[in-house]
Amino acid sequence: MDVTYAEVKARLAAPFPEQRVRWRAQQVSKDRRTAMMVAYIDSRTVMERLDDVCPDGWAFDVELLPGATLVMKGRLTVLGQTRCDVGLAGEGGEAATHKAATSDALKRCAVHFGIGRYLYDLPAHWAAWDDRLRAPVQPPTLPQWALPGSERTAGAQHVLQMLDSLRTELPSDTDQLREVYRHLKLALSVVGPPEDQDRALVAQ
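Please read these numbers as outputs of a predicted model, since none were measured by experiment.

Cut-offs applied
- Residues numbered from 1 in each chain as written.
- Predicted model: local features only at pLDDT ≥ 70, side-chain atom pairs only at ≥ 80, totals over all residues.
- Heavy atoms only, no water.
- Helix = DSSP H or I, 4+ residues; strand = E, 2+ residues; numbered from the N terminus.
- Expected span 1.5 Å × (residues − 1).
- Buried < 20%, exposed > 50% of the residue type's maximum accessible area, 1.4 Å probe, protein only.
- Contact = heavy atoms within 4.5 Å.
- Axes fitted to C-alpha atoms, helices over the stretch in contact; angles between N-to-C directions.
- Left-handed = near helix turned anticlockwise from the far one by under 90°.
- Nonpolar A, V, L, I, M, F, W, Y, C, P; charged D, E, K, R; others polar.
- Pairing = 2+ DSSP bridges.

Caption draft 1: Up close: helix H3 (residues 98–111). Here H3 spans 20 Å end to end across 14 residues, near enough to the 20 Å set by a 1.5 Å rise per residue. Within H3 the residues assigned to the buried category are Ala101, Asp104, Ala105, Leu106, Cys109, Ala110 and Val111. Taken together, the buried residues of H3 touch helix H2 (43–53), strand E3 (58–64), strand E4 (71–78) and strand E5 (81–88).

In structure tokens:
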């Protein structure tokens, strides 16, 4: 029986093992001692996810946009569903290549299918920065909800900790409240069945 996109959508969007998630500095402080780190996955990881979920059901192609400098338009088709986005090359050296722009296009297209999209929900993370090595002193760690089930701490302790922090830090701004609700919903979603969520809330 042929598989459909609706049947594999959740598997495409599932969190990756923590070792497959990489970090890069998006911003470094003026004193070069701290950096805001953002999580990402590389194009190889994206292709492996597609091969695992629908090995014969996806295709990707790119074209160089006319008049643009190393900007590739990507077109990713998964089980009959197509999404397009553009990829940009980095600056200088090996980064400024068609290959880099193509990889970026694939990753951006994949996000439209939910692949790695959860990484955009991670809060800003500032870490101690080693400017000589151009790397964080210690790599950041992912929160429990951003880990696959096999790597999560048993039970709902991370949810309880979040609820406890909200007792004293509940924001008054409506937009911030929506953001808190979104993250809390994500956290609850990894606890387990609804009855487990009820127990977590009753415990408060």
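What follows picks up the thread again.
Caption draft 2: Quick peek at unusual backbone geometry. At arginine 32, a residue that is not glycine, the phi angle is positive and equals roughly 65°. Residue position: arginine 32 is located in the loop between strand E1 (22–28) and strand E2 (34–40). With a phi close to 50°, arginine 134 is a non-glycine residue in the positive phi region. Relative to the elements of secondary structure, arginine 134 occurs in the loop between strand E6 (125–130) and strand E7 (135–136).

Caption draft 3: Spotlight on the packing of helix H1 (residues 5–13) against H2. Here H1 crosses H2 at 145°, and the two axes come no closer than 10 Å. Crossing angle aside, the handedness with which H1 passes H2 is right-handed. Along the contact surface, H1 presents Val8, Arg11, Leu12 and Ala13, while H2 presents Arg49, Leu50, Asp52 and Val53. Residues belonging to the contact of H1 with H2 are distributed by class as follows: five nonpolar, no polar and three charged.

Caption draft 4: Examining the sheet that holds E3 more closely. The sheet built from three strands is open, its strands ordered E3-E4-E5 with antiparallel pairing. In this open sheet, the two strands that pair with only one neighbour each are E3 and E5. Pairs of neighbouring strands in the sheet enclose a mean axial angle of 20°, with direction left out of account. Pairing of E4 with E5, which is carried by eight bridges, proceeds in the antiparallel orientation. Bridging across to E5, threonine 77 finds its partner in threonine 82. Together, E3, E4 and E5 form the strand contacts of H3, whose direction differs from that of E5 by roughly 140°.

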